[in-house]
Amino acid sequence: LEQIFRADQNSSSYLAMSQGAHAGRLLLDAYRDDLRKALFELANSLEPFDENGLTALLCDVTAPRSAATDTRAERRRFVTNACVYATFLRGIRLGVIDQIELERLLGRELSQYKRELLRLFGRHGYIRHALDCRTEPPASAVALDFVNVHQGFWDLSEPSERALFAATTDLILGEPRFRIPDTSHFLVSADNPLNKMIHKIAAPAYQGRSSWPTFNVEFADRMLDYDECSGTDTYRSCARDILRDIRTATETHGGYQELLSEKGLKYRTWAYQSAVAHSWFPRFLTVWKRAFGTSLLNGS
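Along each chain, the written sequence defines residue order, and numbers are assigned to residues from 1. Reporting in this predicted model follows two pLDDT cut-offs: at least 70 for local features of residues, and 80 or more for side-chain atom pairs to be given and counted; totals over whole chains, interfaces and linings ignore these cut-offs and use all residues. Values reported for side chains reflect all heavy atoms of the structure, with hydrogen atoms and water molecules removed beforehand.

1. Some remarks on the pairing of strand 1 (residues 47-51)
Here strand 1 pairs with strand 2 (residues 54-58) via five bridges, running antiparallel. Opposite F49, over in strand 2, you have A56 as the bridge partner. A strand pair is defined by DSSP finding two or more bridges across the two strands. What counts as a helix is a DSSP run of H or I of at least four residues, what counts as a strand is a run of E of at least two, and both are numbered from the N terminus. Linking two consecutive strands that pair antiparallel, namely strand 1 and strand 2, is a turn of two residues; a positive phi of about 55° is found at N52 within it.

Quick look at the structure:
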């Protein structure tokens, strides 16, 4: 809805953009009450979770909850709860829910809610992908989807937040098992995760030892955010390497892939035959322009 709503904010001569934005505003007006009710239900579903004195509100204390990575079977996942926070932010930004009203329901300010999540998932100095993972070495306890979505969880304005991001990023960059060999394609995780039974059979590495260009693009974009907020040039070259390899894969396979196997091929199993993710390609172009200062395609 937000993407439709903001379609005319980009410079474009296409009438469809302004028509789409108008349709988005109509949808927002028509469903504002339903969205507001859904956000309140989401806030009411959160439960306090305590780990050795660190407490935060989580949506998946007792059972897995679907997120962008819904084939994973773990509870108490970072990305799932980061998505909840991002959803609240979007609701406030679109005027669906009042921040003071939401904070009253949560029993804390939104900034405190976020800090508690960071302290809980980052208690070891990096962001664990799930709190159920207690005995794994650090490189096996992180996942690439920690980068979350554009304008989502991370804003990297606080030094403590940047430190957690950098530590998690460095674990991924420094672990060879996270890469397709000889590339900067990063896999979702160093090991295949705990999966639901159907996914173990049908697509065992779908959210594990496979590379999602969309996560890699957001990884590159968060790296650029980090450099911008910290006033350094720490990760720009890494971000550019990621984007160059995605370009190469797109040209090699003749389309922007949903995901790649750990060998850099189209991810295929007997039940899943891969997909071309055309709708994610414009986001790649936007981040490419940010990283290199020039458009990859004429008019992009």
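2. Focus on the state of the cysteines
Count a disulfide wherever a pair of cysteine sulfur atoms falls within 2.5 Å. If you walk through the whole model with that rule in mind, you get zero disulfides. C83 carries a free sulfur, and the closest cysteine sulfur to it, the one in C59, is 8.9 Å from it. With no disulfide of its own, C229 lies 17 Å from the sulfur of C238, the closest cysteine sulfur. Note on exposure labels: buried denotes an accessible area under 20% of the residue type's maximum, exposed denotes more than 50%, and partly exposed covers the range between, all computed with a 1.4 Å probe on protein chains only. The class for C229 is partly exposed, based on a relative accessible area of 34%.

3. Notes on the pattern of salt bridges
One speaks of a salt bridge when a side-chain nitrogen belonging to Lys or Arg is within 4 Å of a carboxyl oxygen belonging to Asp or Glu. Within the structure shown, the criterion is met by 27 salt bridges. Close ionic contact of D145 with R77 constitutes a salt bridge, the shortest N to O distance being 3.0 Å. Separated by 68 residues along the polypeptide, D145 in the loop between helix 5 (110-121) and helix 6 (159-174) and R77 in the loop between strand 2 and helix 3 (78-93) bring together distant segments of the chain. The burial state of D145 is the same as that of R77; both residues are buried. The structure contains a network of salt bridges with shared partners spanning E218, D221, R222, D225, E228, R283 and R290.

4. Examining the environment of R75
Secondary-structure assignment places R75 in the loop between strand 2 and helix 3. What makes R75 partly exposed here is its relative accessible area of 25%. As a C-alpha pair, R75 and D60 span 15 residues in sequence and 5.6 Å in three-dimensional space. We call two residues contacting when some pair of their heavy atoms lies within 4.5 Å. Apart from the residues lying within four places of it in its own chain, the contact partners of R75 are D60, V61, T62, A63, P64, A130, L131 and D132. In the analysis that follows, any N or O atom pair within 3.5 Å is treated as a polar contact, provided that within protein one partner can donate a hydrogen and the other can accept it, and provided that, for residues neighboring in sequence, both atoms belong to side chains. At a separation of 3.4 Å, a polar atom in the side chain of R75 contacts the main-chain carbonyl oxygen of V61. Here D132 takes part through its side chain, which lies 3.3 Å from a polar atom of the side chain of R75.

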